[in-house]
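Inside the fold
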Amino acid sequence: MAALIGSTLAHFHLPKGDLELKTYPKVSAAEFAVMREDALSLAAEDATLGAGRFEARYFELTCRGESALLVDNSSSQLFILGFISQATEAPCVQPLRQRWSNRLRPAN
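1. As for the packing of aromatic side chains
Across all of its chains, the model carries 3 aromatic pairs by this definition. Each ring, one from Phe 32 and one from Phe 59, has its centre 5.6 Å from the other, and the planes form 40°; the classification is tilted. Taken together, the residues Phe 32 in helix 2 (residues 29–45) and Phe 59 in strand 3 (residues 58–63) connect sequence positions 27 residues apart. Geometrically, the ring pair formed by Phe 59 and Trp 100 is edge-to-face, given 6.1 Å between the ring centres and 70° between the ring planes. Of this pair, Phe 59 sits in strand 3 while Trp 100 sits in helix 3 (residues 94–101), and the two are 41 residues apart along the sequence. For the pair shown, Phe 59 and Trp 100 are each scored as buried. An aromatic cluster of at least three residues, connected via ring pairs, comprises Phe 32, Phe 54, Phe 59 and Trp 100.

Criteria and cut-off values
- Residues numbered from 1 in each chain as written.
- Predicted model: local features only at pLDDT ≥ 70, side-chain atom pairs only at ≥ 80, totals over all residues.
- Heavy atoms only, no water.
- Phe/Tyr/Trp six-rings, centres within 6.5 Å; stacked < 30°, edge-to-face > 60°.
- Helix = DSSP H or I, 4+ residues; strand = E, 2+ residues; numbered from the N terminus.
- Buried < 20%, exposed > 50% of the residue type's maximum accessible area, 1.4 Å probe, protein only.

So far we have only geometry, and geometry alone does not tell us how the molecule works.
What follows is the structure, given as structure tokens:
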């Protein structure tokens, strides 16, 4: 897991602040596509949010120009990496996390 996080962070600008990693059982490609669409929809509605890299198996959201959330479904688990700082506090990505919380259960 550490190698995955390290390689992922090497591709993205590491913002100042804390990291929050949550793992879930891997979701189907169809479910992940719904999650990506949720994120794109929220970014289109909220001027503080931006879409970073959006690929078939991972995507990134930015908040006020800073990395806020990286969601990766490319390994055996779904990883959600939150970048917690003053600029990217909960209001930016909280609606999305609440929407997903009903569907995702943490990995054991």
